[in-house]
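Observations on chain architecture
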Amino acid sequence: MGEPSKKLFEITSEEVSADQVIARLADSGMGAVIAFIGVVRGVTAGRKVRYLQYEAYPEMAEEALEQIADEIRVRWKTIEKVAIVHRVGRLEIGETSVVIALSAGHREEVFDAARYAIDRLKEIAPIWKKEVWTDGAEWKSG
Amino acid sequence: MKVKVKLFGAPREALGRREIEQTLPEGSTAGALLDLLVEAHPALRPYSSLIKLAVNRKYVPAQTRLHEGDEVALIPPVGGG
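A short tour of the structure in this document, coming up. Small disclaimer: the values here were computed from a predicted structure and weren't measured. (Residues numbered from 1 in each chain as written. Chains lettered and ligands numbered in written order. Predicted model: local features only at pLDDT ≥ 70, side-chain atom pairs only at ≥ 80, totals over all residues. Heavy atoms only, no water.)

**Some points on the pattern of salt bridges**
All names here are of chain B. Heads up, the condition is: Within this document, salt bridges are pairs made up of a side-chain nitrogen of Lys or Arg and a carboxyl oxygen of Asp or Glu, the two lying within 4 Å of each other. Helix and strand labels come from DSSP, where a helix needs a run of H or I of at least four residues and a strand needs a run of E of at least two; each type is numbered from the N terminus.
On inspection of all chains with the given rule, the structure shows 16 salt bridges over all chains. Here Lys4 ties to Glu71 by a salt bridge, and the two come within 3.7 Å at their closest N and O atoms. With Lys4 in strand β1 (residues 2-7) and Glu71 in strand β5 (residues 71-75), this pair connects stretches of sequence that are 67 residues apart.

**Looking at the packing of aromatic side chains**
For any pair of aromatic rings, geometry is given as the distance between the ring centres together with the angle between the planes. Note the threshold: Under the pairing criterion, centres of Phe, Tyr and Trp rings, with the six-membered ring standing for Trp, must be within 6.5 Å; the plane angle then separates stacked pairs below 30 degrees from edge-to-face pairs above 60, leaving the rest tilted. The classification of residues rests on relative accessible area computed with a 1.4 Å probe and restricted to protein chains. Under 20% of the type maximum is buried, over 50% is exposed, and intermediate values are partly exposed. Throughout this description, the term charge over a ring refers to an Arg CZ or Lys NZ atom that lies within 6 Å of the ring centre and within 35 degrees of the ring normal.
For the structure on display, the rule yields 3 aromatic pairs over all chains. The interplanar angle of 70° and the centroid separation of 5.5 Å between the aromatic rings of Trp76 of chain A and Tyr116 of chain A together place this pair among those described as edge-to-face. Of this pair, Trp76 of chain A sits in the loop between α2 (58-75) and β5 (79-87) while Tyr116 of chain A sits in helix α3 (residues 110-124), and the two are 40 residues apart along the sequence. Overall, Trp76 of chain A belongs to the buried group, its relative accessible area being 13%. Look at Trp128 of chain A and Phe8 of chain B: their rings are 4.8 Å apart centre to centre, the planes differ by 10°, and that puts the pair in the stacked class. Residue Trp128 of chain A is located in strand β8 (residues 127-133), and its partner Phe8 of chain B is located in the loop between β1 and α1 (9-15); the two belong to separate chains. Its relative accessible area of 2% is what places Trp128 of chain A among the buried residues. Under the relative-accessibility criterion, Phe8 of chain B is labelled buried at 6%. Every member of this aromatic cluster is reached through a ring pair, and the members are Tyr57 and Trp128 of chain A together with Phe8 of chain B. Its end group placed over the ring of Tyr51 of chain A, Arg90 of chain A keeps NZ or CZ at 3.7 Å from the ring centre. A cation over an aromatic ring shows up here: Lys52 of chain B above the ring of Tyr59 of chain B, its NZ or CZ 6.0 Å from the ring centre.

Functional significance is not addressed by these values, which are geometric in nature.
Right, dumping it as structure tokens:
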């Protein structure tokens, strides 16, 4: 374990926590921070999930995450900073797959911006997820 | 010319490879490269209609012309989050 990463847009095989991602935003002008935390769910469509296997095209995915942040700052002028960290590799039920943190001087726009960030991530970031069940597996999109 | 092709997700698994060095005629398009790959690797066929193309880390339309040394990624439907 080295220094904690300060990258604002990162694909990592390390564990991800909201605190650690929020820390990357640190700024004295911050009055509100919102974090979206994606967590591995143990049941999908009635099937029991054993674990999820995530994979990414890391260089392109990090650029896509940065693009999402740029889009957010064009739409919502009050958003100051954005950090998005997505984990890859084998993730167990209850582990955090993604943290999106946004800061602003005031709270008004952070909710819509966070929603936009996760929707856009699912749409454009080159990241893939395979659900592994007790009786099979499938690559899932969307 | 030669390009580097990167594979991910279901098509990567179906082919059992993460990367292919592909030689193709000068001036070929990204779409022509995909057709050629599907021809050479039938395991890709079930995914070909869903695959988007990225050249040097940017999504591109199929008619985009390729250049020597380009990094082309076959992007099956994404599912992060």
